[in-house]
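# Reading the structure
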Amino acid sequence: MSSEPHSPQPALTISQRAMARAPGSSNRADGGNEHPWMMGLNDQQREAVEALDGPVLVLSGAGTGKTKVLTSRLAQLLVTGRAKPWEILSVTFTNKAAREMRDRTQLLIGPAAEGLRWLGTFHSTSAMILRRHAELVGLKPSFTVLDTDDQIRLMKQVIEAENIDQKRWTPRFLASLIDGWKNRALTPDKVPAEESFLFANGKGAKLYALYQSRLKVLNCVDFGDLLLETISLFLKEPDLLAEYHDRFKYILVDEYQDTNVAQYLWLRLLARKRKNICVVGDDDQSIYGWRGAEVDNILRFEHDFPGAKIIRLERNYRSTPHILAAASHLIASNKNRLGKTLWTEIPEGDRVLVRGIWDGEAEARLIADDIEQWRRTGRRYDESAVLVRASWQMRAFEERFLMLQIPYKVIGGPRFFERAEIRDAHAYLRLIRSLDDDLAFERIVNVPKRGIGDTSVQRLGTAARLAGVPLFTMASQLLGSDELKGPARTGLTRFIHQLEHWRKKSLELPHTELAELILDESGYTDMLKADKNPQSVSKLDNLKELVRSMGQFDTLAAYLEHIELVMDLDRTEEGDAVQILTLHAAKGLEWPLVFLPGWEEEVFPSRRALDEKGDKALEEERRLAYVGITRARESARISFAANRQIYGRWNSVLPSRFVDELPDGHVDAVSDTGYFNQGTGGAAERFAAYGPLSTQPGNGFGTGYESPGWKRAQAAAALGKLAPGMAKGFGGPIIDGEAKLLARTGAKDATYAVGQRIFHDKFGYGAVRHVEGSKLTIQFEKSGEKKVLDSFVSPA
DNA sequence: TCCGAGCCACTTTTT
DNA sequence: GTGGCTCGGA
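Residues numbered from 1 in each chain as written. Chains lettered and ligands numbered in written order. Predicted model: local features only at pLDDT ≥ 70, side-chain atom pairs only at ≥ 80, totals over all residues. Heavy atoms only, no water.

### Comments concerning the packing of aromatic side chains
In this description, an aromatic ring pair is defined by two values, namely the gap between the centres and the angle between the planes. Under the criterion given, the structure shown has 20 aromatic pairs. Measuring from centroid to centroid gives 5.3 Å for W169 and F199, while their planes differ by 55°, and the two rings are tilted. Residue W169 is found in the loop between α6 (148-161) and α7 (171-183), and its partner F199 is found in the loop between α8 (193-196) and α9 (204-217); the two are separated by 30 residues along the sequence. Exposure class is identical for W169 and F199. Each is buried. Through successive ring pairs, a cluster of aromatic residues spans W118, F234, Y244 and F248. (Phe/Tyr/Trp six-rings, centres within 6.5 Å; stacked < 30°, edge-to-face > 60°. Helix = DSSP H or I, 4+ residues; strand = E, 2+ residues; numbered from the N terminus. Buried < 20%, exposed > 50% of the residue type's maximum accessible area, 1.4 Å probe, protein only.)

Here is the structure:
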């Protein structure tokens, strides 16, 4: 941290000048006399930056410059001397957001931003506080932070110990319950009886209590505890809280709409005295309710902090008017919101495109074609993104992109540190750090196989618990007796000796070399090398990556501390590629061209969400749709299919109700009939059975079809006798009565001659060798000779 | 103790 | 369609 004095008017760096002229700069004439970070702010942003004292709620709509306000505010606090860097508490939800805030503040004011020690996530900040006062809540300062996987394994033990049927009551379910309780800041004694009954006939709270005491014994906390223990620390030690009140003169909170009850209490405790709390968020982008976030926190802010100043950022610097209008109209269907009116000065662009297609594959083809088209006009792949509701939807796009050799990048997915091999390696390293780390011990005592089976581990565990000693200690003792026999004994002896050997080595070797040594000597790499599973190659790569990433830290301890809290590495893979990600992961990001596939009932809105939480979930799904549309700068392209394969089963699906909630004037609706003509046989007949000629009841989705769009579609299609839902999408225009029907050229009703060059979706280019009715024999350039139906190829 | 066959369940995901 | 998990046999 730096205590360097800072000049009130630092010289402008190039980046500062550039930022001042960033798009969205206001035209204020007095910019010259101002602090550089104030230049280029519009009136509302300026107000948000200048309202330093007292509670402030900044309602920041999508694309309205939220981060700019947050960082300018930090700059303002620091450079005007209102607070030293270490007197400002800034909390974010993710490490990425924290990093960005730090970097951008530094960009604004340079060295004056150094020493922002209390800029971090709720969890990392809590961990910092807890480590200082661990003993006050019954922990040692060296406590370990468990991740979900460790949590579940621990719960499994607790459930086992209580003789509860693990199939009926899964550890995972208990974990989600406890997680939910912790999100709501409920300690075991506060869990409502009826909720306790959600698990094992009323044992929920008891198991929760047992789990907590196990954590304490192991000197561990889980993520929820970081917050809860900090809260209870403050409640227990008012003097300590007072110290923090003195320390934190100003509090800044990012993404306030995502805070849960525990985070809310945490903030309220810390803000209680000075009330200099500024929260920034957007109720319309609250999409983490399923994880405990309470939209109510933001809706209630005014009530919680009387006299709070509310500032709305409504000028959008990202999207064209049509995109904004479509999103705004859609979100207006939500009742539970504070309400904002986004506007922009960006010139009018394309309308939002809504397309109905035959099935998921057709959708992937359509989008891939669009991207190639986009690319042909000189644009980049990484200017486009495909945003899906659930990750299983990604595969269709990956397959299609692979086939067409369109570079793509899946964002999110299984995280590096959650991979089994990485967690195994960490378990070894954790044991080097502390032989008492029972969870680590247990994880790898038989990985790779050492002949120490479940029964042996079980016996060891019981003995250790009885004696009240760690597993390692008990194991060493057992080897002294003749309790264990056979391969288990040999294996365990060797393992214990190895651990001692590695610990000695850890004193002489750099930690990266130690890691390599352990992976080698333990037989872990050999195990992977011997594994015929093709994935083991990438596992080995991951381990190499792990060792490399360890090199960024000075010591093993520093490395472990970092990954336990951050669970993320700065992996900057550059490259021009289409991004594929979930709508959740897309929040906060933007692209010129955004595809929003799978807008079908049951997929989006997700049926499970609706089943579980009903109307509340529907509003959240709608917010997700809003987030999706507002990611687009130039073009948003929504699509839905008539048929979709879900878990290997073909389903007829209906367009999402959200499609109908889009405003007529800002949407181009296209039912691409070319796709339906192209099929012959099965596909075409299936479509006929589904389409306007047959009548089926609308699956009970009676409500939600009162919108003008739907009514117009009914009228326009003159399909009055059809059930709602069935007529939608495919008989003709979906929403816009004047929608144009695109016909795909080339594919339909083509006949083929021997020698003709063709294209097949799966096999690529080839030449026709033989024709027999609709059956073609094709010599493919890449995959050899195959017989295919003519409906699957098109002239090349 | 280990390994393979059958069974089931399966959103979203950060810390 | 797929992977993770359990159970039964070697």
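### Regarding the protein's contact with DNA strand B
Neighbouring DNA strand B are 30 residues, the closest being S391, R415, T455, T582 and Y647. Here, DNA strand B places atoms within 4 Å of the protein, and 57% of those atoms are sugar or phosphate. Residue R291 places a side-chain N or O atom 3.3 Å away from a base oxygen belonging to DNA strand B. A distance of 3.1 Å is found between a base oxygen of DNA strand B and a side-chain nitrogen or oxygen belonging to R389. Elements represented by at least two residues in the surface near DNA strand B include exactly α20 (454-467), α26 (556-566) and α28 (607-629). Residues belonging to the surface near DNA strand B are distributed by class as follows: eight nonpolar, 14 polar and eight charged. (Near = heavy atom within 4 Å. Polar contact = N/O pair within 3.5 Å; in protein donor to acceptor, adjacent residues only side chain to side chain. Nonpolar A, V, L, I, M, F, W, Y, C, P; charged D, E, K, R; others polar.)

### Notes on the environment of D424
Locating D424 in the fold gives a position in helix α18 (residues 420-433). Relative accessible area serves as the criterion here: at 7%, D424 is assigned to the buried category. A C-alpha to C-alpha distance of 8.1 Å links D424 and A440, two positions 16 residues apart in sequence. Beyond its immediate chain neighbours, meaning those up to four positions away, D424 contacts R443, I444, V447 and Y524. (Contact = heavy atoms within 4.5 Å.)

### What about the nonpolar core?
Where a protein is soluble and globular, its nonpolar side chains tend to be buried together. Ranked by size, the top nonpolar core spans 70 residues in total, and within it V253, W266, L267, L270 and I277 carry the most contacts. Tallying contributions element by element places helix α12 (residues 261-271) first for this core, with seven residues. Residues contacting I277, with those up to four places away along its chain left out, are G54, P55, V56, I251, V253, L267, A271, F301 and F305. Ranked by size, the runner-up nonpolar core spans 45 residues in total, among them L429, L514, L556 and L560. (Core = buried A, V, L, I, M, F, W, Y, C linked by side-chain atoms within 4.5 Å.)

### With respect to the pairing of strand β15 (residues 649-652)
Note on strand geometry: in a regular strand, side chains alternate between the two faces of the sheet. Here four bridges tie strand β14 (residues 632-646) to β15, and the two strands are oriented antiparallel to one another. For R644, the partnering residue across the bridge sits in β15 and is N651. Counted between consecutive antiparallel strands, the loop separating β14 from β15 contains two residues, among which Y647 sits at a positive phi close to 50°. (Pairing = 2+ DSSP bridges.)

### Section: the sheet that holds strand β6 (residues 250-253)
Backbone hydrogen bonds hold the strands of a sheet together, and the pairing may be parallel or antiparallel. Ordered in space as β3-β2-β6-β7-β1-β8, the six strands form an open sheet in which the pairing is parallel. Each having just a single partner strand, β3 (119-121) and β8 (309-313) make up the two edges of the open sheet. Across the sheet, the mean angle separating the axes of adjacent strands is 15° when strand polarity is ignored. Note that strand β2 (residues 88-92) and β6 share four bridges and pair parallel. Looking across to β6, one finds that L89 is bridged to I251. Sheet strands in contact with helix α2 (residues 43-50) are β1 (56-60) and β8, and its direction is about 145° off that of β8. Lying on the sheet, helix α4 (residues 95-109) is in contact with β2 and β3; it crosses β3 at an angle near 165°. (Axes fitted to C-alpha atoms, helices over the stretch in contact; angles between N-to-C directions.)

### Observations concerning unusual backbone geometry
Omega for the bond connecting V447 with P448 falls within 30 degrees of zero, at -5°, which places this linkage in the cis form. In this chain, F604 is followed by P605 through a cis amide linkage whose omega measures 5°. Here P605 lies in the loop between β13 (591-596) and α28. Although it is not a glycine, A185 sits at a positive phi angle of roughly 60°. With relative accessibility at 16%, the residue A185 sits in the buried group. Its identity as a non-glycine residue notwithstanding, Q405 has a phi of 55°, on the positive side. Structurally, Q405 can be placed in the loop between α17 (394-404) and β11 (408-410). Judged by relative accessible area, which is 64%, Q405 ranks as exposed.

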